[in-house]
Amino acid sequence: MERLDHESRARLRRESMTPCTFSGRPRRDRSSGTLALVMLAASSLMLFDSPAGAAARSCRAQCRDECASECGSPEVECGPCVADQSDLRSGCRDTVKNDGFRNCIDKRCSPGVPGRCTVTRECVDSCRANRQSQLARCDGRFRAGVRTCEGGPSCLAAERTTRRGCVKQCRRDCIATCRATGTATSVDTEPLVAGCNCQGACVNAIVSSCYASCVDRCEGDTDALGVCKAACRDQQCDRLMKACTDDGSGTSSYALCCAQCDNCNTDLDDRFACVQIVTTTTTSSSSTTTASTTTSTTTTTF
């Protein structure tokens, strides 16, 4: 009986160590399956969220530049001295952000490579870094000037508070508009749609695949995207000029469209401006000079 009791107790201990279902069969460990399901769900969420995340980043980048421009120099009533310094800073910043930045992109980054954006983005980033350095100098001169004004430092604090409030409100409104429409309020380009946008539809039919490559590779960088798209048009400029302007024949697809919409153009709109890429071929030729010697014979008669 003691041996039987000992065996019974050992069996009970073994059974207590093995989880059982109500049917009496051992229960499988579901932790690995649960972990796999969690990882699959997380990866699915990341997959579906990536386009939305990219769009949000693009909106934030566009609105950051837009609001920095709009709220760069808010007017503060602090007397003529501070007002003069504020005007000087405003002019300095506007020159840097507009002419300086665009000239940097035009001179250093253009022309781009059609459908490619890596090198263009690096170049545009260098122009942005240069812009930030120049803007910092504008602000430094402004702060030094304000210190010479009576009550200048306190006015500078008020200006900073006003600017922060402006930027906060501007970004909130701009991002909401961007997410609703796909573009920020500062983007002045029009979408290429059908209907009476005859020239836009014509251009899009020729360069759409190149444009699509630019969009994929520029990753929301609107400045680099503009350079990339301009390179697409430059590559096809001669074709665009022939197909997407009115030559008076009235037989092209563009001519038929614009005649119905009464918006025919003899030149490309500024949105679609392009410069034909000229390929120069240099031919080198070698010439052989043959020297001839003439022998003169003189005969003397005696």
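Residues numbered from 1 in each chain as written. Predicted model: local features only at pLDDT ≥ 70, side-chain atom pairs only at ≥ 80, totals over all residues. Heavy atoms only, no water.

1. Thoughts on the state of the cysteines
Summed over all chains, the structure comprises 15 disulfides. Paired by a disulfide, cysteine 258 and cysteine 264 hold their sulfur atoms 2.0 Å apart. With the S-S bond torsion at 90 degrees, the cross-link from cysteine 258 to cysteine 264 turns out right-handed. Cysteine 258 gets classed as buried once you look at its relative accessible area, which sits at 0%. Classification of cysteine 264 by relative accessible area gives partly exposed; the value is 32%. (Disulfide = S-S within 2.5 Å. Buried < 20%, exposed > 50% of the residue type's maximum accessible area, 1.4 Å probe, protein only.)

2. What about helix H3 (residues 80-109)?
Taking 1.5 Å of rise per residue, the 30 residues of H3 would be expected to cover 44 Å, and the 41 Å separating its terminal C-alpha atoms lies within 8% of that figure. Roughly 30 degrees is the biggest bend found in H3, and it falls at valine 96. Residues of H3 that are buried include every one of Val82, Gln85, Ser86, Arg89, Cys92, Arg93, Val96, Lys97, Phe101, Cys104, Ile105 and Cys109, and no others. (Helix = DSSP H or I, 4+ residues; strand = E, 2+ residues; numbered from the N terminus. Expected span 1.5 Å × (residues − 1). Bend = angle between axes of the 7 residues up to and from the residue.)

3. Brief notes about the side chain of arginine 128
Following the sequence through the fold, arginine 128 ends up in helix H4 (residues 118-147). Arginine 128 sits in the buried class, given a relative accessible area of 19%. Side-chain polar atoms of arginine 128 contact the side chain of aspartate 223, separated by 3.2 Å. Residues within four places of arginine 128 in sequence aside, it is in contact with Phe101, Asp221 and Asp223. (Polar contact = N/O pair within 3.5 Å; in protein donor to acceptor, adjacent residues only side chain to side chain. Contact = heavy atoms within 4.5 Å.)

4. Some points on unusual backbone geometry
In this structure, proline 111 follows serine 110 across a cis peptide bond, with omega equal to -5 degrees. Of note, proline 111 is situated in the loop between H3 and H4. Unlike most non-glycine residues, glutamate 219 shows phi in positive territory, near 55 degrees. Mapped onto the elements of the fold, glutamate 219 is located in the loop between helix H6 (198-218) and helix H7 (222-235). Unlike most non-glycine residues, aspartate 262 shows phi in positive territory, near 55 degrees.

5. Some remarks on H6
The sharpest bend along H6 reaches about 70 degrees and sits at valine 207. The set of residues buried in H6 consists of Cys198, Gln199, Gly200, Cys202, Val203, Ile206, Val207, Cys210, Tyr211, Cys214 and Cys218. Contact partners of the buried residues in H6: H4, H7, helix H8 (237-243) and helix H9 (253-261). Following H6 by one or two positions, glutamate 219 has its phi on the positive side, about 55 degrees.

6. Focus on the nonpolar core
One finds Val203, Val207, Leu240 and Cys244 to be the most contacted residues of the largest nonpolar core, which totals 30 residues. Excluding residues that lie within four positions of it along the chain, cysteine 244 makes contacts with Gln199, Cys202, Val203, Ile206, Tyr254 and Leu268. (Core = buried A, V, L, I, M, F, W, Y, C linked by side-chain atoms within 4.5 Å.)

7. Thoughts on the packing of H6 against H9
How two helices pack is summed up by the angle between their axes together with the distance between the axes. Close contact between H6 and H9 brings their axes to 9 Å; oriented N to C, the two are set at 160 degrees. It follows from the interaxial angle that H6 and H9 lie roughly antiparallel. Here H6 and H9 pass one another in a crossing that is right-handed. Between H6, through Cys198, Gln199 and Cys202, and H9, the contact on the second element is made entirely by Tyr254, Cys257, Cys258 and Cys261. Class assignment of the residues belonging to the contact of H6 with H9 gives a composition of six nonpolar, one polar and no charged. (Axes fitted to C-alpha atoms, helices over the stretch in contact; angles between N-to-C directions. Parallel < 35°, antiparallel > 145°, perpendicular 65-115°, else oblique. Left-handed = near helix turned anticlockwise from the far one by under 90°. Nonpolar A, V, L, I, M, F, W, Y, C, P; charged D, E, K, R; others polar.)

8. Some thoughts on the confidence of the model for the chain
For the chain, per-residue confidence averages 75 on the pLDDT scale, and residues scoring 70 or more make up 66% of the total. Mean pLDDT across the elements of the chain ranges from a minimum in helix H1 (residues 2-17), with 56, to a maximum in H7, with 94. Ignoring residues within four places in sequence, the model shows residues 286-302, a span with pLDDT below 50, making zero contacts including any to other chains. (pLDDT = per-residue confidence, 0-100.)

9. Concerning the pattern of salt bridges
Applying the stated criterion to the full structure yields nine salt bridges. Between arginine 128 and aspartate 125 there is a salt bridge, with its nearest N and O atoms 2.8 Å apart. Residue arginine 128 and its partner aspartate 125 are both found in helix H4; the two are separated by three residues, about one turn of the helix. Here arginine 128 ties to aspartate 221 by a salt bridge, and the two come within 2.5 Å at their closest N and O atoms. In this pair, arginine 128 is assigned in helix H4 and aspartate 221 in the loop between H6 and H7, connecting sequence segments 93 residues apart. For the pair arginine 128 and aspartate 221, a shared accessibility class is recorded, and that class is buried. What you see here is one network of salt bridges that share partners, running through Arg102, Asp125, Arg128, Asp221 and Asp223. (Salt bridge = Lys/Arg side-chain N within 4 Å of Asp/Glu carboxyl O.)

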